[in-house]
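Fold and geometry: a report
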Amino acid sequence: MQRDKPATRPVNQENNPVNQLRPVRLIVIACVGMIVFASSPVCSQARAQTASQRQQFAKAIRNAATRVLPSVVSVEVIGVAQGGAGSNSSEVANDAPSCGLVVDPSGLILASDIILRRPSASLLVVLEDQTRLAATVIARDYHRGLVLLKTEADRSLPAIEVPSEVRTPVGGTVVAVGRYGTDQSPMVSSGILSARGRLEGTMLQTDARVSPTYYGGPLVDLYGNVIGIVVPAVAPGGAPDDTSWYDSGIAFAVPLPIVANKLPQLRDGKDIKKGLIGIVPRSNDPYEEDTQLAAVRSRSPAEKAGLQAGDVIESVAGQTVLMFQQVKEALGPYDAGDEIEIKYQRDGQSSTINVTLADSIPPLRPQRIGAWAVETDTALTEASEPTATKDTTDDDRITEDAPGVQVVVAGVLPGSPSDGKLVEGDVIESVNDAAIESLATLRRKLVTAEPDVEIEIRVRRDDSEEIVNVMPTSVAGALPTTTFPAWKANNESESDDPWDVKELRLPDVPNLGAYAGPENDQSIDGLALLVLLLSPEQRDPQDALKDYRKAATENGVLVCAICSEDDQRWQPKEIDTISRMTTLMAQRIPVGAIGIAATGAIKGNKPSAADSMVIAMALSDRKNFDGIAVSDQTRPPAVRLRENEPDRSLQLLLPIENVDDGPTWLAPLSKAGYPVTLGGELQFDDLLRWTRLLQSI
């Protein structure tokens, strides 16, 4: 096997005055020198050494693959049932064969659980000599994407040796091995071991390019030692499903020592699931040095163990943690049923508890109280200037104390639980004795609130403290007919002229976009953003927005329309484009909430590929959107459904009168904790009102 040589980059000597004076002469000299060097014994020897090194490297790869190939089998999925996603299904969602690895001579084979993700008539294991054997499922590791199969072979099968640890260093050469075709031809792809502990501490990462055929096959080092089993996976939010990165140069493998530890449980027919704890971070940024909890999920292992909102996590399973990403990585390797030690700090005192992780937590039932809150700088509310302290350095600089942030009620929804209890200007200091230091913290407290349980809110009102008891209500249900007071009332500019429509483009993509909104330099409180995906046949986003300008201006909702690249379809690769356009809009004009919708959600419009794309977009890009609105006739895309998360709760609006009228794919979404708003005969003004209400707490 031969690798392409990396291209060499010439040294830039453009500014050398000698080069500027005598360019022709230097080129001639260089050419003559190259001819002389190329014909010299030194050059010939270098070429021979390079060729020899490539041959030795290729031989090492072949030897490594040859050592493990007898244990590599193909797995064929027979009679795959066709799903409802149609052309949205990826190659790997169909019945393409994948691989397996013999882990016991009696006929036990580990494979990727991709073979079970769609109903099939049967599974066949194909041995090296093309013998086909029926396979049955013994158990499944849902956490790592593996399945243990059993075959009834008439002979002992060659099983791999399972190492007790992975010793291959990061940067070391690794080889992915598979089989393909009726003749079971070997397939080999080499690369380096890019990282350990990826995907929240569960995976090895390599830059070897792997196609679906490699899934379930081994990842080996240059000595032929198996270090992992290749599985389809992507980083959270990185793609619509975990098969999207195949053949991209980013591949993942389950470390084999971990597999060895789980084999006894799988042999006993016991499924393995990811261990859940039920804690909600305070910080929006998982890489910020902040491990304080904004909330603890109801009836979760964390709640049962005694953790509370406001606790600061200090270590997980013996690993010191400073940011929530480290908390995730420390929890990642553990399964449901595992007991781990959590060290935390509360009121300045450190304590330790043991938590038994669960395989499920009751799904979210997001709650709200019907208030609109904003973050303000505490310095802006004080009568005097911020305190200044004199610096004693020679430059005699003046430094100001850093101002804090407070959460202030900016409006109350008429008829909501907050109506008559909270008033504009209230500063929310705590909820159920947990301090509220940011709007994100308050939102997460309410999203995870227990249904039908009154909450106690402490507010500062007119220089005095008040205790307000409010009964939250579910986000799910009929779309409210009222909204917050007119957004213009909070702004100095009250022009009645509708917003202009402006072009929105990214320099490196062909998608056309446009938006109706105020000027970029206008600072307006209370705005929301609706991203509208147009059907593929709509090719002019500015024209599509002409009829929406007046309604958008009156409701205080920016509307951004985006066209597909192709006039026949939306494509998964455009998820990144939509995400970037949305981020660009939010950077230009600050907004309090973002919804994404397709025109099919509006009464009288037919569903299109845009509706499916909205679902794929929102479930993939969890950082941008607060709600999605689509037609109830939408064909669901081939994306992996994740549970609704309290740190970025997502709502769903459908043009239906009751949940029983909804499509069949609505049930799993509801079960996963996505609240459904019933829009009835949805008009565009209703869609705008819903978008503004997404910012309510």
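So, a few notes on the structure that sits alongside this text. (Residues numbered from 1 in each chain as written. Predicted model: local features only at pLDDT ≥ 70, side-chain atom pairs only at ≥ 80, totals over all residues. Heavy atoms only, no water.)

Section: the side chain of Thr-291
When you line up the elements, Thr-291 lands in the loop between β13 (279-281) and β14 (293-296). Thr-291 gets classed as buried once you look at its relative accessible area, which sits at 6%. One polar contact links the side chain of Thr-291 to the main-chain carbonyl oxygen of Ile-313, over a distance of 2.6 Å. Excluding its chain neighbours within four sequence positions, the residues that come into contact with Thr-291 are Asp-311, Val-312, Ile-313, Val-321, Leu-322, Met-323, Phe-324 and Val-327. (Helix = DSSP H or I, 4+ residues; strand = E, 2+ residues; numbered from the N terminus. Buried < 20%, exposed > 50% of the residue type's maximum accessible area, 1.4 Å probe, protein only. Polar contact = N/O pair within 3.5 Å; in protein donor to acceptor, adjacent residues only side chain to side chain. Contact = heavy atoms within 4.5 Å.)

Considerations on the packing of aromatic side chains
Two descriptors summarise a pair of aromatic rings, namely the distance from one centre to the other and the angle between the planes of the rings. Inspection of every chain in the model, using the stated rule, returns two aromatic pairs. Arranged with centres 3.8 Å apart and planes meeting at 10°, the rings of Tyr-548 and Phe-684 form a pair that is stacked. Here Tyr-548 is found in the loop between α9 (541-545) and α10 (549-555), whereas its partner Phe-684 is found in helix α14 (residues 684-693), with 136 residues between them in sequence. Take Tyr-548 and Phe-684: they sit in the same class, and that class is buried. The aromatic ring of Tyr-142 is capped on one face by Lys-273, whose charged end is 5.5 Å from the ring centroid. Sitting above the plane of the Trp-372 ring, Arg-692 keeps its charged end 5.5 Å from the centroid. (Phe/Tyr/Trp six-rings, centres within 6.5 Å; stacked < 30°, edge-to-face > 60°. Lys NZ or Arg CZ within 6 Å of the ring centre and 35° of its normal.)

Quick word on the pairing of strand β9 (residues 203-206)
With burial as the criterion, each face of β9 is covered, one bearing Met-203 and Gln-205 and the other bearing Leu-204 and Thr-206. Pairing of strand β8 (residues 185-197) with β9, which is carried by two bridges, proceeds in the antiparallel orientation. Looking across to β9, one finds that Ala-195 is bridged to Gln-205. Sheet topology places β9 next to strand β12 (residues 251-255); three bridges connect them, and they run antiparallel. Residue pairing across strands places Gln-205 opposite Phe-252, the latter belonging to β12. (Pairing = 2+ DSSP bridges.)

Structural notes on unusual backbone geometry
Although it is not a glycine, Leu-199 sits at a positive phi angle of roughly 50°. Position of Leu-199 among the secondary structure elements: in helix α4 (residues 198-201). Even without glycine at this site, Asn-432 takes up a positive phi of about 50°. Positionally, Asn-432 belongs in the loop between β24 (427-431) and β25 (434-435). With a relative accessible area of 41%, Asn-432 lands in the partly exposed category.

Some points on the sheet that holds β9
What holds strands together in a sheet is hydrogen bonding between their backbones, with the strands either parallel or antiparallel. The strand order around the closed barrel formed by six strands is β7-β8-β9-β12-β11-β10, and the pairing between neighbours is antiparallel. Each strand of the sheet is rotated relative to its neighbour by a mean of 45°, with strand direction disregarded. As judged from the three bridges shared by strand β10 (residues 218-221) and strand β11 (residues 226-231), these two strands associate in the antiparallel manner. The partner of Val-220 across the bridge, within β11, is Val-226. Sitting on the sheet, helix α5 (residues 256-267) is in contact with β11 and β12, with an inclination near 45° to β12. (Axes fitted to C-alpha atoms, helices over the stretch in contact; angles between N-to-C directions.)

Here we look at helix α8 (residues 439-447)
Within α8, eight of the nine residues are buried, leaving the element largely enclosed by the surrounding structure. Within α8, burial applies to Leu-439, Ala-440, Thr-441, Leu-442, Arg-444, Lys-445, Leu-446 and Val-447.

Examining the packing of helix α11 (residues 574-588) against helix α12 (residues 609-620)
At their nearest, the axes of α11 and α12 sit 10 Å apart, and the two run at 70° to each other. On the basis of the axis angle, α11 is roughly perpendicular to α12. Every residue of α12 that contacts α11 at Glu-574, Ile-575, Ile-578 and Ser-579 is listed here: Met-613, Ala-616, Met-617 and Ser-620. Looking at side-chain class alone, the contact of α11 with α12 contains five nonpolar, two polar and one charged residues. (Parallel < 35°, antiparallel > 145°, perpendicular 65-115°, else oblique. Nonpolar A, V, L, I, M, F, W, Y, C, P; charged D, E, K, R; others polar.)

As for the environment of Asp-611
Its place among the elements puts Asp-611 in helix α12. By relative accessible area, Asp-611 is classed as buried at 0%. Sequence spacing of Asp-611 and Pro-637 is 26 residues, and the spatial spacing of their C-alpha atoms is 9.3 Å. Contacts of Asp-611, omitting those with residues within four sequence positions, involve Ala-598, Gly-600, Ala-601, Val-630, Ser-631 and Thr-634. A distance of 2.9 Å separates a polar side-chain atom of Asp-611 from the backbone nitrogen of Ser-631.

Comments concerning the pairing of strand β26 (residues 455-461)
The two faces of β26 differ: Ile-455, Ile-457, Val-459 and Arg-461 on one face are buried, but Glu-456, Arg-458 and Arg-460 on the other face are not. When β24 meets β26, the two strands line up antiparallel, connected through four bridges. Each bridged residue has a counterpart across the sheet, and for Val-431 the counterpart in β26 is Ile-457. Summarising the sheet, β26 and strand β27 (residues 464-470) pair through seven bridges and their orientation is antiparallel. Residue pairing for β27: Arg-458 is matched across the bridge by Ile-467. Between the antiparallel neighbours β26 and β27 lie two residues, among them Asp-462 with a positive phi of about 50°.

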